[in-house]
Amino acid sequence: MPRTTDRLPFPYRPEAGVLAHRLSALQGALDWAAAATQAAPWVRSVRENPPPFWAMESLLKEYPISSAEGLALMRLAEALLRVPDAETAIALTADQLGRADFDGAADSTLARLSSTAIAMSKKFLPEAGNEPGLMVKLGARTVVAATLRAVQLLGRQFVLGQTIEEGMKEAASARKRQVNLSFSFDMLGEGARTDADALRYLASYQNAIAAIARTADPQRAPSQNDGISIKLSALHPRYEDAQHERVMRELVPRVWQLCEGAAAANLNLTIDAEEVDRLELSLEVFEALARLVAQHCPQWQGFGLALQSYQTRAVELIEHVAALGRQYQLKFMCRLVKGAYWDAEIKRAQEQGLPAYPVFTQKPHTDVSYLACAQALLNAPEAIYPQFATHNAGTIAAILQLATRQGAPFELQRLHGMGEGIYREVLKNPAVACRVYAPVGAHRDLLAYLVRRLLENGANSSFVHQLADESVGMDELLLSPLEQSKPEAMSSTLPLPPDLYGLKRPNSLGLDLAVVVHRDPLLAAHAALVVPTVPEASAAEAQAAVGKAVQAFAGWNHTPVAERAATLRRAADAMQQQLPRLCALLVKEAHKGWGDAVSEVREAIDFLRYYANDAERVMAPQTLPGPTGESNTLRMEGRGAWVCISPWNFPLAIFAGQVAAALATGNTVLAKPAEQTPAIALEAVKLLHAAGVPAGALQLLHGPGETVGASLVAQPGIAGVVFTGSTQVAKIIQRALAAKDGPIIPLIAETGGINAMLVDSTALPEQVADAVAQSAFRSAGQRCSALRLLCVHEAIADGVIEMIEGAARELVAGDPSDLATDLGPVIDAEAFEGISRHVQRLHTDATPLLDSRRSMPALPHVIAPQMFEVASIGEVTQEIFGPVLQVVRWGGDPMAVVQQINALGYGLTLGIQTRIDSRAQALARAARVGNVYVNRNMIGAVVGVQPFGGEGLSGTGPKAGGPNYLLRFCAEQTLTINTTAAGGNVALFTA
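Residues numbered from 1 in each chain as written. Predicted model: local features only at pLDDT ≥ 70, side-chain atom pairs only at ≥ 80, totals over all residues. Heavy atoms only, no water.

Let us now look at the overall build of the protein chain. Scanning the protein chain from terminus to terminus reveals 35 helices and 23 strands. Going through the 991 residues of the protein chain one by one, you find that 59% of them count as buried. Counting only carbon and sulfur atoms, one obtains 54% of the accessible surface of the protein chain, whose full area is about 38400 Å². (Helix = DSSP H or I, 4+ residues; strand = E, 2+ residues; numbered from the N terminus. Buried < 20%, exposed > 50% of the residue type's maximum accessible area, 1.4 Å probe, protein only. Areas by Shrake-Rupley, 256 points an atom, 1.4 Å probe, with all protein chains shown as cover.)

Put into structure tokens, the structure is as follows:
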């Protein structure tokens, strides 16, 4: 089936241009002053007669999300219900409540009572991070039980019912109080990580549709019946663009089952909106389903989807959906929302170095886009039934104005538990219909949903938050977003992704592999690429190269640092221009997947730019204080000729980082790449030479480590060695350098590690599963930082391990040039055989958790993800450099777990998954590792952001990509001049 990804505009366009188009479309179509006049009485009434204390508006008034108290309550709501063991629940409650001051006076009587109760409860809790005594422990259990009950009560305000039957009963009760209400039930749950999860969600949706159908009137229009909202990510564990073929083959039939049930009862079924990088895929799924609807139930007008106005492509998306409606002669129900993943979209664009943001960066801009989208929806009455989801009184009034002018049918929507005060006033007009988006599910499943809603509506700029704040005047609350978005009113402190690091250095530009115009150049480069052959150097050639490097040192060292830095920046710019070809070479020679290849080229670019900048800082002479009549200056110089030995797992990034660091500080370089990946190193050297690095200052010497590498290390003229690779080889180099006569030669070594992740019972299982799958299996586990040992709390181990197993089974091993591949082959036959021996041993010594007999593609050296449960941390004594994860259960004191990890002797990376902030800090301080990652994956350290390197058996330091790295390449000289010998300090005499 042909892809439809070219039907929408490029997602990363300049925001100002898109906004100007939206403002132009609204010109003359909307009288905001009249809308504000209509909304003002609603606002006054809500403020004079506020909703109950637990309603969103009142809750935000008492405990704003921006306050320590609001944040503490949010964190408790997010985590407490899923903690099965009492000790951890006590620690979590103490940690969060201990961070806030609930003693302050609140406005309402109930709020004062709740604050007093919380403040008193804190006295029965242990100090965060401390072990409680017996009396405190008894009191703490009572406090936790009460807090747990309070969180459950909080959940009831935002979840209509724990079952669909309970939710429908609550909906019927609400309709007795407000006749013009309908409901869209949302079965709580986040995206599926396993196929079992997806099938469970499918059954939940089917059960809900059947229950709703029993009370629905099939003779009524879907707009008059209740309906259901579904998440596509809940129905397929790999709902992502790279898995397009599989998604279309497996997901579409699942959703069609739901559509058939909804169509039979004439219900509304809405596909919820998700992240931007899934938009094109969701449209393809939507269109495939629309064709089926047109073929089998064309009379059904209840099929629809949600649209996010914060996307810069939102209006074009509406036009595309309307065109589909006309094409298939269908009418879709379209829910317009502002969007709930804003911070995640911003972070993703920054991390991937995309040219712009796919979402608007300021709230007034999103509000303008919402109004422009509303107009576009109302302009297509033959293809779209508009549903406007908003809690903003001004926006509601504007919608009513636009809809009255158009004369098109529509409905308003609100979230259950939010916006009740405003809608209490709006719905006094019986002609206005409202649908409540109503989450249904167990309270423990509300966590991610609740936090997202609290953050979305609790932000200082949100209408719901400002409505609760009576210090915000009516004029400010109902200020026109059109006026706020005029060019003269626009201001933004959010830098574009390329400008993330300000004036210091440009962020390297990345690619979005879900976008055709970004993806196609990579595939074209791969198709055209012929990997060059790199001749091997002999030991004699290596010896001669050392002499050449020593001879070239003086000239390069005396080259001004600014000129050396400019040379590296030119090389970085050239590397950026050749990104597709370099990525293709990484895929072909190093078996990288496309995502890893793009990340590696970007890292190499970042290394060149970062070290160019840092060299200008480090090499600048420093004037030191001293007595009068004397000047003291500290200055840095290069040491001489350095041997740079780089690995095959990052054959461009680490190669470029080592070489750039040495060159930036005035050293010459003898670069020995890994035997398996010389071609990518050759390309890097060509770029550096073309940028201005003299041939004698940078020489490439390809060949086996035992001959070329050993020969280089043994040469008497070498000033230093920088090495990334195994601990065993690092020790060999260390001994060789120590045995040499002459100067003591520095060694910078970054080696491997038995990298662990500690998971306690407060951790979110879905987040853990994502982090583990990425950390252990991405790049086929061939990263220095890869997760090797998972330590999971015994109280949650069964469920977490099962989820990780399921997620691992969904990973695709095969051809790295295929966008759908998650794990390519390991680097060569030797690596494959070594990993296979370890796997065979673990099948005897440990408990296998994955079926290793999975059918594998007909490609050499491909290893599927492997998991084994071991009895203790001490059993894990070797790093297995591949997609092999060992798992151990723990209980008791997490500090003891960290001490056992420290005892292994390695110290590269550690992951911590916990919602107890004080615990995370304490464990990080106790860990003898170089990089600690809390509540995220453990891979992908960014140059200048997460300097990378370990201690113990994992390396010597200093950290690559950090502010101390270049110093190790330098020789220091202090110059002291006695100025009194030439007449003294004249300035002192004339002062």
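Let us now look at the sheet that holds strand β13 (residues 698-700). With respect to topology, 5 strands assemble into an open sheet ordered β13-β12-β11-β14-β15, the strand pairing being parallel. Since the sheet does not close on itself, it has two edges, and those belong to β13 and β15 (747-750), each with one partner. Between one strand axis and the next, the sheet turns by 15 degrees as a mean value, whatever way the strands run. Strand direction decides the pairing type here: strand β14 (residues 718-724) and β15, joined by 4 bridges, are parallel. When the sheet's bridge partners are listed, V721 is paired in β15 with L747. Strands β11 (641-645), β12 (668-672) and β14 of the sheet are contacted by helix α28 (residues 705-714), whose axis makes an angle of about 160 degrees with β12. (Pairing = 2+ DSSP bridges. Axes fitted to C-alpha atoms, helices over the stretch in contact; angles between N-to-C directions. Contact = heavy atoms within 4.5 Å.)

Turning next to the side chain of E603. Relative to the helices and strands, E603 is located in helix α25 (residues 594-618). Of the buried charged residues, E603 lacks a salt bridge, with R783 as the closest side chain of opposite charge at 6.3 Å. In this structure, E603 is in contact with F650, A653, A941 and V943, ignoring residues within four places of it in sequence. (Lys, Arg positive; Asp, Glu negative; His and termini not counted. Salt bridge = Lys/Arg side-chain N within 4 Å of Asp/Glu carboxyl O.)

A word on the pattern of salt bridges. One pass over the structure, following the stated rule, counts 43 salt bridges. Between D186 and K231 there is a salt bridge, with the nearest N and O atoms lying 3.5 Å from each other. Highlighted residues: D186 in strand β1 (residues 181-187) and K231 in the loop between β2 (227-230) and α10 (244-265), separated in sequence by 45 residues. Of the two residues, D186 and K231, both sit in the buried class. Among the salt bridges present, the one from D195 reaches R254, with a minimum N-O distance of 2.9 Å. Note that D195 is positioned in helix α9 (residues 195-215) and R254 in helix α10, a separation of 59 residues in sequence. Judged by relative accessible area, D195 falls into the partly exposed class, the value being 23%. Residue R254 is classed as buried on the basis of its relative accessible area, which comes to 11%.

Moving on to the nonpolar core. Counting residues in each nonpolar core, the largest one holds 116 residues, and the members touching the most others are F185, I230, L269, F303 and I422. Those residues in contact with L269 that lie beyond four places of it in its chain are I209, I228, I230, L258, C259, A262, W300, G302, F303 and G304. Membership of the second largest hydrophobic core comes to 66 residues, among which are W556, A656, A662 and Y965. (Core = buried A, V, L, I, M, F, W, Y, C linked by side-chain atoms within 4.5 Å.)

This part covers the packing of aromatic side chains. Counted under the stated rule, the structure contains 13 aromatic pairs. For the pair W642 and F969, a centre-to-centre distance of 4.5 Å together with 35 degrees between the ring planes defines the contact as tilted. You can see W642 sitting in strand β11 and its partner F969 sitting in the loop between β22 (931-934) and β23 (970-978), a full 327 residues away along the chain. When sorted by exposure, W642 lands in the same class as F969, which is buried. Grouped by ring-pair contacts, the aromatic residues F607, Y610, Y611, W642, Y965 and F969 constitute a single cluster. In this arrangement the basic side chain of K338 is found over the ring face of Y370, its NZ or CZ atom lying 5.4 Å from the centre. (Phe/Tyr/Trp six-rings, centres within 6.5 Å; stacked < 30°, edge-to-face > 60°. Lys NZ or Arg CZ within 6 Å of the ring centre and 35° of its normal.)

Bringing the environment of A736 into the picture now. As for its position among the elements, A736 is in helix α29 (residues 727-739). Owing to a relative accessible area of 34%, A736 belongs among the partly exposed residues under this scheme. Measuring from C-alpha to C-alpha, the distance between A736 and A714 comes to 6.9 Å, with 22 residues separating the pair along the chain.

Running from N to C, helix α8 (residues 164-177) and α9 point in directions that differ by 35 degrees, and their axes come no closer than 10 Å. Our pair here, α8 against α9, has a crossing hand that is right-handed. In this structure, α8 uses I164, E165 and M168 to contact α9, whose residues at the interface are N207, A208, A211, I212, R214 and T215. When the residues that make up the contact of α8 with α9 are grouped by side-chain class, the tally is 5 nonpolar, 2 polar and 2 charged. (Left-handed = near helix turned anticlockwise from the far one by under 90°. Nonpolar A, V, L, I, M, F, W, Y, C, P; charged D, E, K, R; others polar.)

Together, E536, E675, E706, E830 and E833 line one region of the surface with negative charge. Counting through the fold element by element, E536 comes out in the loop between α21 (516-528) and α22 (539-557). Judged by relative accessible area, which is 52%, E536 ranks as exposed. (Patch = residues over 30% accessible without salt bridge, like charges linked within 9 Å, V, L, I, M, F, W, Y side chains within 5 Å. Charge placed at Lys NZ, Arg CZ, Asp CG, Glu CD.)

In this model, α21 (13 residues) spans 18 Å end to end at C-alpha, consistent with the 18 Å of a helix rising 1.5 Å per residue. All of the buried residues in α21 are H518, R519, L522, A525 and H526. In an axial view of α21, the angular spread of the buried residues amounts to 130 degrees, which keeps them on one side of the axis. Residues of α21 that are exposed and point more than 90 degrees away from the buried face comprise V517, A527 and A528. Considering only its buried residues, α21 is in contact with α24 (579-590) and α25. (Expected span 1.5 Å × (residues − 1). Arc of directions from axis to C-beta.)

A few words on the confidence of the model for the protein chain. A residue-level look at the protein chain finds 90% of positions with pLDDT of 70 or above and a mean pLDDT of 91. In this model residues 105-114 is a low-confidence stretch, pLDDT under 50, and it forms 15 contacts with partners more than four residues away in sequence or in other chains. Below a pLDDT of 50 lies the segment residues 132-137, which in the model reaches 8 contacts outside its immediate sequence neighbourhood of four places, other chains included. (pLDDT = per-residue confidence, 0-100.)

Bringing the sheet that holds strand β9 (residues 622-624) into the picture now. Strand order in the open sheet formed by 3 strands is β9-β10-β23, and the pairing between neighbours is antiparallel. One side of each edge strand has no neighbouring strand; the edge strands of this open sheet are β9 and β23. Strand-to-strand twist across the sheet, computed as the mean angle between neighbouring axes with direction ignored, equals 25 degrees. Examined bridge by bridge, strand β10 (residues 630-638) and β23 share 9 bridges and lie antiparallel to one another. Paired with M636 across the two strands is E972, which belongs to β23.

Bringing the environment of P647 into the picture now. With respect to the element layout, P647 can be found in the loop between β11 and α26 (653-664). You can call P647 buried: its relative accessible area is 9%. Leaving out residues up to four positions away in the same chain, P647 has contacts with I654, A674, T677 and T724.

So, on to the pairing of β12. The element β12 is extensively covered by neighbouring structure, given that 5 of its 5 residues are classed as buried. Burial along β12 is two-sided: T668, L670 and K672 facing one way and V669 and A671 facing the other are all buried. Note: β11 against β12, 5 bridges, orientation parallel. Paired with C644 across the bridge in β12 is A671.

This next bit is on α25. Every α-helix carries 3.6 residues per turn, so stepping three or four residues along brings you back to the same face. Along its 25 residues, α25 runs 35 Å from first to last C-alpha, staying within 8% of the 36 Å computed at 1.5 Å per residue. Within α25, 20 of the 25 residues are buried, which leaves it mostly tucked inside the rest of the structure.

On β15, burial covers both faces: L747 and A749 on one face and I748 and E750 on the other are all buried. For the crossover from β14 across α29 to β15, the handedness is right-handed. (Right-handed = clockwise from strand over helix to strand, strands pointing away.)

Let us look at the environment of I912. Topologically, I912 is positioned in strand β21 (residues 909-913). The class for I912 is buried, based on a relative accessible area of 1%. For the pair I912 and V932, spaced 20 residues apart in sequence, the C-alpha separation works out to 7.4 Å.

All chains considered together, the criterion is met by 0 disulfides. The structure places no disulfide on C259, whose sulfur is separated from the nearest cysteine sulfur, that of C297, by 7.6 Å. (Disulfide = S-S within 2.5 Å.)

On to unusual backbone geometry, then. It is generally the case that most residues other than glycine have a negative phi and that most peptide bonds are trans. In this structure, the amide linkage connecting G957 to the following residue, P958, adopts the cis form with an omega of -5 degrees. Tracing the chain through its elements places P958 in the loop between β22 and β23. Non-glycine residue N266 carries a positive phi angle of around 60 degrees. Topologically, N266 is positioned in the loop between α10 and β3 (268-271). In this structure, S779 is a non-glycine residue whose phi angle is positive, near 60 degrees. Of the residues examined, S779 reaches a relative accessible area of 14% and is grouped as buried.

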